[in-house]
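Breakdown of the fold
Chain by chain, the residues:
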Amino acid sequence: MDPSRPRCRLWRKMVLLASLLACGIHQAFGQMFISPDSLIGVKGFRTVLVLENATQDAQEYSWHRGAEDTVENMIVSYKPPFNSWLSGPMFSGRENVTRLGDLVIRRSAFSDTGNYTVRVDTGNETQRATGWLEIQELESNPEIWANTSSVVEDVDSVAAICYTNATNIRWYVDYTLVSSNDRMTISPDLQTLIIHRVTRRDRALYCEIDTIMEIPRRSEILSLTVAYGPDEVLLSTSPSIFKGVLSAKIGSQVDMACTAFSVPSPKYHWSHNGSLLSFSDASITLPSLAWEQMGRYRCIVDNPVTQLTMYREFQIQTPRNIPVVVNRGFYISGAKVVWLIVMIVLGSLYICGILIYGLISNLSIRCLLPWVKGWVLAQDWVSRALP
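Attention here is on the structure that accompanies the text. In this text, all values refer to a predicted model and were calculated from it rather than measured experimentally. (Residues numbered from 1 in each chain as written. Predicted model: local features only at pLDDT ≥ 70, side-chain atom pairs only at ≥ 80, totals over all residues. Heavy atoms only, no water.)

Another point: the overall build of the chain. Across its full length, the chain carries 2 helices and 33 strands. Evaluated residue by residue, the chain yields a buried proportion of 34% over its 387 residues. Summing over all exposed atoms, the chain offers an accessible surface of approximately 24,500 Å²; the carbon and sulfur share of this is 58%. (Helix = DSSP H or I, 4+ residues; strand = E, 2+ residues; numbered from the N terminus. Buried < 20%, exposed > 50% of the residue type's maximum accessible area, 1.4 Å probe, protein only. Areas by Shrake-Rupley, 256 points an atom, 1.4 Å probe, with all protein chains shown as cover.)

Here's what the structure looks like:
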């Protein structure tokens, strides 16, 4: 750090304080003065010395370099009635006077620092004002440094430092202004930012400062590579899977593919009935399904950086409604077979019920016949015995 910078800043503050005091004195008496806010310029930018409390009926505005308004140190003058400008010995080609009497200096340089005096003639009187112009160099862009640029989400932390002499530092994460919270900490001097738990949204870091004239200066953008995932394994097949089962006929084509969101790109593995297959792609095609290819399949996805592994599994089997052959050239489906069996059973039960009912009825008549004959004979005997 340059040891002369604190002295320079102190001198600038003293100049500004003196200008403010002079402003207060001029305003107290209602006199013309040069605005203190315009007495600080930036190298390479335009500087405008603004007049305050200037008379409205000015016949001529003339600006001079130094504390005196002599002809030898005149820069440029402007006469409103004639709308004419006249350059003086101190004119460098970069100065001009506006119609309001303000002095404009283009492409300001350090050599422009010093006293400036303006004289305003009204015809009846002459007003003068003097101010000290300070040309400063624009604060350089801050520099940023971080302890790492490759991290794992929710595992690693990042510490970044903003190197600058400015004190009004702002931090941006993923182009959003941030402050201290439960996940981030900014040091009291604002120069250090710590992200305790990095997320996938923390992709860019930079710091920013405000210089004189409130011109923002930003550091370079520090890009973070955040490893994350896999979050979820998405499975797509043809034919489609229903309740974890892929139904396919023997000899048909089966397509299987799984995807996962992960940084870096994940690695894929497949297993069949617990045995790891040689496939390392995200998709598998079985052009002609065989009996030995039936069973449980598992798609395994892993991230070697985050060391996270996820999988999805499903079962390949033949359709449940398999046609049942009755004779050559004729067949009925399995559901119809069940219906036919049920009807045969119910019909058999019905026929058996009729047979049992008839048998019981026949037995009952044979048993009651002797009793009926006896009752008839008894009735006949009684009728004969009675007179």
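Next comes the rest of the description.
A word on the pairing of strand S5 (residues 60-65). Within a regular beta strand, the side chains point alternately toward one face of the sheet and then the other, so they alternate between its two faces. Burial analysis of S5 places 5 of its 6 residues in the buried class, which makes it a mostly covered element. Note that S5 and strand S10 (residues 114-121) share 6 bridges and pair antiparallel. Pairing of Tyr-61 across the sheet is with Val-120, part of S10. For S5 and strand S6 (residues 74-79), the ladder comprises 4 bridges, and the chain directions are antiparallel. (Pairing = 2+ DSSP bridges.)

Below, the discussion takes up the packing of aromatic side chains. The tally for this structure, following the rule as stated, stands at 4 aromatic pairs. With a centroid separation of 6.1 Å and 55° between ring planes, the pair formed by Tyr-175 and Tyr-206 is classed as tilted. A residue pair is termed long-range when its members are at least 10 positions apart, and Tyr-175 in the loop between strand S15 (169-173) and strand S16 (176-178) and Tyr-206 in strand S19 (residues 204-210) qualify at 31 residues. Take Tyr-206: its relative accessible area is 6%, and that puts it in the buried class. (Phe/Tyr/Trp six-rings, centres within 6.5 Å; stacked < 30°, edge-to-face > 60°.)

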